[in-house]
Amino acid sequence: SGIVISSLLQFRRQKQSFLLLKITHTTPYCFRSFRVEYTNCHTSMRLLGKNIDKRTGAGRVRLQIDYPDDFWHMFNLLSKGDAIRAATFRKINRESSTGSVSTEKKLIHATVRIEKIEYEPEEESIRINGPNISENRYLQMGQYQTIELGINRPFTVFKRKWDFIHLERINDACNPATSADVAALIMEEGLGYLCIILNHITITKAKIELNIPRKRKGPSQHDKSVEKFFRQCLDAIKLHIDFSVVKCVIVASPGYVKDQFRDYLTVCIDKDLANHREVRDNKHKFLYVQSSSGQKHALEEVLRDPALGTMLQDTKVHSEVRVLEKFYKYLTTDQDRVVYGPASVAKCNDMEAVESLLISDSLFRSSSFAVRKKYVGLVESVKSRGGIVHIFSSMHESGKRIDQLSGVAAILRFPVPEVEEFDDDDEERFGLEAEREEEEAKKGEGEEDEEEAMQHLIEGGTEDEDSEKEIDALAEEVKSGLFG
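These lines cover the structure that appears in this document, whether it is placed above or below. Since the model is a prediction, treat every value here as computed from it, not as a measurement.

1. Side note on the environment of Y328
Right, so step 1: Position of Y328 relative to the elements: it lies in helix α8 (residues 316–333).
Right, so step 2: Between the alpha carbons of Y328 and I411 there is a distance of 9.7 Å; along the sequence they are 83 residues apart.
Right, so step 3: Ignoring sequence-local partners within four residues, the contact set of Y328 consists of R401 and L405.

Dropping the structure here:
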């Protein structure tokens, strides 16, 4: 419509694309220029940089939250004693020549040692408080500062030890589709939600909305609109679902909408096999079930359906439910096949008797580095001996049930009757031993050495901000060059 793009420059900032355009309207005496920034639409956390020593596990990771569900991953990733660097606001008092004091809110970069973490899922933010441990123009060493992590705000996390639990969580957060083996399309006429289902969260990949006219006698726009709606749903499936990972696609709706969509898929495959070959090859993965509505909240109702449970028996989303039911079944019928409590589970693992380990993620958020290390070692040991590990979310009902069993339990390969004879003091000894190891390590190495190691990590992390400044400077140069 008379718009001409007279110049175009694209560059990449980490994994984010920017388009800088100069757009001129061809209408005489009407010349306008615009700067357009385009960012890729992300529904997962972004890994902006990583520098971890392979020998010691110490290092830093730079991340950015792009989706509300990422806050849950960060809550499990951060621990007391870690350090974090991010942009935050601080009130700065300024005194004038006349002696009057004014307060100014200043945006600063602060690096704090984490002492307190506050997370409320409804607020979609994490508040972190701790003392400043890096020289700052506006913040003295040791002064306490609160950092609030929000969407689209990059930050850097420093740890003395990045274990494989941390790294797996980062991978799951940055690549949710790699661990999502169940997808669901909840729909009604004119409204649809395409979701991928993880162990702890459900991510909405697409929302399809279309106004459907009322059905009338004779030819009407109703049928054409329904067909267009189904086409958009199919396009969303092809765009967002990786069939090499997804084992099941649930299609749920009230009434006969799901059946009409199934018929539409069949017609599309018959008419144009070339463009729908992937859907044809995975048609057996589609499950059509009834739901009370096409709203997103109906998904929880669908997943609770016992009939659907048998269909999802090979998927991750149902594995936790099944293993927990199996544990409680043995607990009532064959108690020698199950055990709970850290010391009892550890002794059974030494006998290579653990078939399935059930553990709460709350144990990995312990303020003691040695305690966390103990549980990470238990998980690694069970895996190395052929056991299966199930990590339960402490905010789910299943995770709360595991927390009631001291946070760790196991299903055994064979009965171990003597497990009942384990001393109750062993439960405390498991934690106390880890605490004692931590204290001895501090005495051997010295707390000053630990502080110096963390300070070295932080000083080495300034390159992240330097690279950001260089990119911002480049953007300004490009902006002035294009738009004068």
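Let us keep going from here.
2. Description of the pattern of salt bridges
Right, so step 1: Going through the model one piece at a time under the given rule, you end up with 12 salt bridges.
Right, so step 2: Between D82 and K159 there is a salt bridge, with the nearest N and O atoms lying 2.4 Å from each other. Here D82 is found in the loop between α1 (70–77) and β5 (83–95), whereas its partner K159 is found in strand β10 (residues 154–159), with 77 residues between them in sequence. Residues D82 and K159 agree in their burial class; the two are buried.
Right, so step 3: Between D350 and R385 there is a salt bridge, and its shortest N-O distance comes to 4.0 Å. Taken as a pair, D350 in helix α9 (residues 342–350) and R385 in the loop between α10 (369–384) and β18 (388–392) lie far apart in primary sequence, 35 residues in all.
Right, so step 4: For D350, a relative accessible area of 55% puts it in the exposed group.
Right, so step 5: According to the relative accessible area criterion, R385 is partly exposed, its value standing at 31%.
Right, so step 6: Linked by salt bridges that have partners in common, K116, E118, R127 and E148 make up one network.

3. What about the packing of α1 against helix α2 (residues 164–174)?
Right, so step 1: Contact geometry of α1 with α2 gives a least axis separation of 10 Å together with a crossing angle of 170°. Between α1 and α2, the crossing angle belongs to the class labelled roughly antiparallel. Here α1 contributes D70, W72, H73, N76 and L77 to the contact with α2, which in turn contributes H166, R169, I170, D172 and A173.
Right, so step 2: Of the residues belonging to the contact of α1 with α2, the class tally is four nonpolar, three polar and three charged.

4. Brief notes about the sheet that holds strand β9 (residues 144–149)
Right, so step 1: Judged by pairing direction, the sheet is antiparallel, and its three strands sit side by side in the order β7-β8-β9 without closing on themselves. Each having just a single partner strand, β7 (116–120) and β9 make up the two edges of the open sheet. Along the sheet, successive strands turn relative to each other by an average axial angle of 15°, direction set aside.
Right, so step 2: Pairing analysis gives five bridges linking β7 to strand β8 (residues 125–131), with the strands arranged antiparallel. Within β8, the position partnered with I117 by the bridge is I128.

5. Topic: the side chain of H276
Right, so step 1: Inspection of the secondary structure assignment puts H276 in the loop between α4 (257–271) and α5 (277–281).
Right, so step 2: A residue is classified by how much of its surface remains accessible, and H276, at 12% relative accessible area, is buried.
Right, so step 3: Among the polar contacts listed, one links the side chain of H276 to the backbone oxygen of D272, at a separation of 2.8 Å.
Right, so step 4: Those residues in contact with H276 that lie beyond four places of it in its chain are L234, K238, C268 and I269.

6. Observations concerning unusual backbone geometry
Right, so step 1: With a phi close to 65°, N152 is a non-glycine residue in the positive phi region.
Right, so step 2: Looking at the element boundaries, N152 is found in the loop between β9 and β10.
Right, so step 3: Positive phi values are uncommon outside glycine, yet E352 reaches one of about 55°.
Right, so step 4: You can see E352 is positioned in the loop between α9 and β17 (354–360).

7. What to know about the packing of α9 against α10
Right, so step 1: In contact at an axis separation of 11 Å, α9 and α10 are set at 30° when each is read in the N-to-C sense. Comparing the axis directions of α9 and α10 gives the class roughly parallel. For the crossing formed where α9 meets α10, the hand is left-handed. Within the contact between the two elements, α9 uses P342, V345, A346 and N349 and α10 uses Y375, L378, S381 and V382.

8. Details of the nonpolar core
Right, so step 1: Counting 31 residues, the largest nonpolar core has M187, F261 and F286 as its most contacted members.
Right, so step 2: Elements with a contribution of two residues or more to this core: β11 (182–188), β12 (191–197), β13 (202–209), α3 (221–240), β14 (248–253), α4 and β15 (286–290).
Right, so step 3: Element by element, the count of residues in this core is highest for α3, at seven residues.
Right, so step 4: Sequence-distant contacts of F286, that is, excluding residues within four places in its chain, are made with I237, F243, V249, V251, L265 and V279.
Right, so step 5: In this structure, V61, L63, V112 and F155 belong to the second largest nonpolar core, which totals 28 residues.

9. With respect to the packing of aromatic side chains
Right, so step 1: Applying the stated criterion across every chain, the model contains seven aromatic pairs.
Right, so step 2: Taking 5.9 Å as the distance between ring centres and 45° as the angle between the ring planes, the aromatic pair formed by F229 and F230 counts as tilted. The same class applies to F229 as to F230, namely buried.
Right, so step 3: On the numbers, 5.5 Å between centres and 65° between planes, the contact of F230 with F261 is edge-to-face. Of this pair, F230 sits in helix α3 while F261 sits in helix α4, and the two are 31 residues apart along the sequence.
Right, so step 4: Given a relative accessible area of 4%, F230 falls into the buried group.
Right, so step 5: Counting every residue linked through ring pairs, the aromatic cluster contains F229, F230, F261 and Y264.
Right, so step 6: When the ring centre of W162 is taken as reference, the NZ or CZ atom of K159 above it lies at 5.6 Å.

What counts and what doesn't
Residues numbered from 1 in each chain as written. Predicted model: local features only at pLDDT ≥ 70, side-chain atom pairs only at ≥ 80, totals over all residues. Heavy atoms only, no water. Helix = DSSP H or I, 4+ residues; strand = E, 2+ residues; numbered from the N terminus. Contact = heavy atoms within 4.5 Å. Salt bridge = Lys/Arg side-chain N within 4 Å of Asp/Glu carboxyl O. Buried < 20%, exposed > 50% of the residue type's maximum accessible area, 1.4 Å probe, protein only. Axes fitted to C-alpha atoms, helices over the stretch in contact; angles between N-to-C directions. Parallel < 35°, antiparallel > 145°, perpendicular 65-115°, else oblique. Nonpolar A, V, L, I, M, F, W, Y, C, P; charged D, E, K, R; others polar. Pairing = 2+ DSSP bridges. Polar contact = N/O pair within 3.5 Å; in protein donor to acceptor, adjacent residues only side chain to side chain. Left-handed = near helix turned anticlockwise from the far one by under 90°. Core = buried A, V, L, I, M, F, W, Y, C linked by side-chain atoms within 4.5 Å. Phe/Tyr/Trp six-rings, centres within 6.5 Å; stacked < 30°, edge-to-face > 60°. Lys NZ or Arg CZ within 6 Å of the ring centre and 35° of its normal.

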